[in-house]
Amino acid sequence: MAVAAGAIKRDAAPAGDGTTLLGEAEFRFLRDFVYEHCGIALGEHKRQLVQGRLARRLRALGLPNYAAYCALLRSDPNGELGELASAISTNVTAFFREPHHYELLENELLPQWLVHKRRDGDRLRIWSAGCSSGEEPYALAMVLAEALEKHGATGVDARILATDLSPQALETARNGVYPLDKLDGISEERRRWLLRGAGEYEGYACVHPRLRELVTVQPLNLLHDWPMRGPFDAIFCRNVVIYFDQPTKQRLFSRYAALLPAGGHLFLGHSESLHGINDDFELIGRTVYRKRA
Ligand SMILES: C[S@@+](CC[C@H](N)C(=O)[O-])C[C@H]1O[C@@H](n2cnc3c(N)ncnc32)[C@H](O)[C@@H]1O
């Protein structure tokens, strides 16, 4: 990770020992920084939480206090942003989390899409936005790979874009190696998509090369500019906007609408909704939306 930590004075006692407190000025700076770059609105009552979550980060960087951490953010905002966002939000995910979405894809959407794509020679594109450590895009890739075979559509140009801003999450997603106890959500028939490790990889499994072919992992902050033009057939943005405030959600969902054609699908997490936020979509299933014509 490119951080300018070397520029920071390191000779004081390391932070996170219980004696370093997050002062008012530093909290205000962090609150504004996090809102601007991560869309997360931190109320005053989150000061303790921020202090606790960042203590480990200060230790890892060898910084003496929160003022030094703020100085690091000022000098290199993008270098540390992903780590900061990871520290204050959650990367929790799982293979086939919210399985009804995968069932809809497998049983209804992919069969319809593939008929058209095969006939018209069109591309198929799915975006896993906020993919965390990769379980979501690789589960999507299993369903996609199976559908391509089943519907005689292996010639269709199909890809899944997986993006996140957390450096650790992206590294795991790129490696595609998971402890065996993370595979619980994967059915017996689908275990063929995971190759069990041996030797130093005993207790781990890595994703099948075919899944890697289908998935491209890229860093991307959803609040910043996006290089992609679309169109996408579906965007999965599940359990990502939970911390975003209303204006940030409104902007984000309008941007998704611009990358989806009429009839394109947007999948949200179990506690998320477009109600009162965006009119471009209609609800067609449990947290599944379709862009209106
Ligand atoms: C709880 S995980 C959800 C993972 C997966 N979508 C799922 O539902 O299992 C939320 C992810 O969103 C990512 N995230 C949060 N804010 C983001 C932003 N502004 N840009 C990109 N990713 C973001 C976090 O880094 C985290 O990995």
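Note that the structure is a prediction, hence the values are computed from the model and not measured.

### A few points about the sheet that holds strand β1 (residues 124-129)
So, step 1. Taken in spatial order, the seven strands line up as β6-β2-β1-β7-β8-β10-β9 in an open sheet, and their pairing is mixed. Each end of this open sheet is capped by a strand with a single partner; those strands are β6 (215-219) and β9 (281-285). Between one strand and the next, the sheet's axes are offset by a mean angle of 20°, whatever the strand orientation.
So, step 2. The sheet contact formed by strand β8 (residues 265-268) and strand β10 (residues 288-291) spans three bridges and is antiparallel. Across the sheet, residue His-265 finds its bridge partner in β10, namely Arg-290.
So, step 3. Strand contacts of helix α7 (residues 167-175): β2 (158-164) and β6, with the helix running at about 160° to β6, the strand carrying the most contacts.

### Quick notes on the pairing of β1
So, step 1. Of all six residues in β1, six are buried, a share of seventy percent or more.
So, step 2. With six bridges joining them, β1 and β2 adopt parallel strand pairing. Counted as the bridge partner of Ala-129 is Thr-163 from β2.
So, step 3. In this region the chain leaves β1, passes through helix α6 (residues 135-150) and returns to the parallel neighbour β2; the handedness of that crossover is right-handed.

### A closer look at helix α9 (residues 246-259)
So, step 1. Here α9 contains 14 residues, and its C-alpha end-to-end distance of 20 Å stays within 8% of the 20 Å for a straight helix at 1.5 Å per residue.
So, step 2. For α9, the set of buried residues is Thr-248, Lys-249, Leu-252, Phe-253, Tyr-256, Ala-257 and Leu-259.

### Here's the deal with the layout of surface pockets
So, step 1. Approximately 450 Å³ is the volume found for the largest pocket.
So, step 2. Residue lining of the largest pocket: 28 residues in total, with Thr-90, Gly-130, Asp-164, Asn-239 and Val-240 positioned closest to the centre.
So, step 3. Within this model, the second largest pocket holds a volume of roughly 360 Å³.
So, step 4. Taken together, 16 residues line the second largest pocket, and the ones lying closest to its centre are Arg-56, Glu-83, Ser-86, Ala-87 and Gln-168.

### Topic: unusual backbone geometry
So, step 1. With an omega of -5°, the peptide bond between Gly-230 and Pro-231 qualifies as cis.
So, step 2. Despite not being glycine, Ser-132 shows a phi value in the positive range, around 55°.
So, step 3. If you trace the backbone, Ser-132 turns up in the loop between β1 and α6.
So, step 4. Located in the positive-phi region is Thr-287, a residue other than glycine, with phi close to 55°.
So, step 5. By secondary structure assignment, the location of Thr-287 is in the loop between β9 and β10.
So, step 6. Judged by relative accessible area, Thr-287 falls into the buried class, the value being 13%.

### Overview of the domain arrangement of the chain
So, step 1. Under the domain assignment, the chain is made up of domain 1 (5-88) and domain 2 (99-291).
So, step 2. Look at where the C-alpha atoms of domain 1 and domain 2 centre, and you get two points 31 Å apart.
So, step 3. Of the residues lining the interface, 13 residues belong to domain 1; the matching set on domain 2 comes to eleven residues.
So, step 4. Carbon and sulfur atoms make up 52% of the area that domain 1 and domain 2 hide from each other, which totals about 950 Å².
So, step 5. On the domain 1 side of the interface with domain 2, the three residues burying the most area are Tyr-35, Gly-39 and Glu-83, jointly 34% of the side's total.
So, step 6. Counting across the domain 1 and domain 2 interface gives zero salt bridges.
So, step 7. For the side of domain 1 that touches domain 2, the secondary-structure elements that each account for two or more residues are α1 (24-38) and α4 (77-88).
So, step 8. Per-element tally for the side of domain 1 that touches domain 2: the top contributor is α4, with six residues.
So, step 9. Split by residue class, the side of domain 1 that touches domain 2 holds six nonpolar, five polar and two charged.

Analysis parameters
Residues numbered from 1 in each chain as written. Predicted model: local features only at pLDDT ≥ 70, side-chain atom pairs only at ≥ 80, totals over all residues. Heavy atoms only, no water. Pairing = 2+ DSSP bridges. Helix = DSSP H or I, 4+ residues; strand = E, 2+ residues; numbered from the N terminus. Axes fitted to C-alpha atoms, helices over the stretch in contact; angles between N-to-C directions. Contact = heavy atoms within 4.5 Å. Buried < 20%, exposed > 50% of the residue type's maximum accessible area, 1.4 Å probe, protein only. Right-handed = clockwise from strand over helix to strand, strands pointing away. Expected span 1.5 Å × (residues − 1). 1 Å grid on protein atoms, 1.4 Å probe; cavity = no way out; pocket = protein on both sides within 12 Å on 5 of 7 lines; lining within 4 Å. Points joined across faces, edges and corners; volume = space filled by probe spheres on them. Domains from an automatic or database assignment. Buried area = accessible area lost by both parts, 1.4 Å probe. Salt bridge = Lys/Arg side-chain N within 4 Å of Asp/Glu carboxyl O. Nonpolar A, V, L, I, M, F, W, Y, C, P; charged D, E, K, R; others polar.

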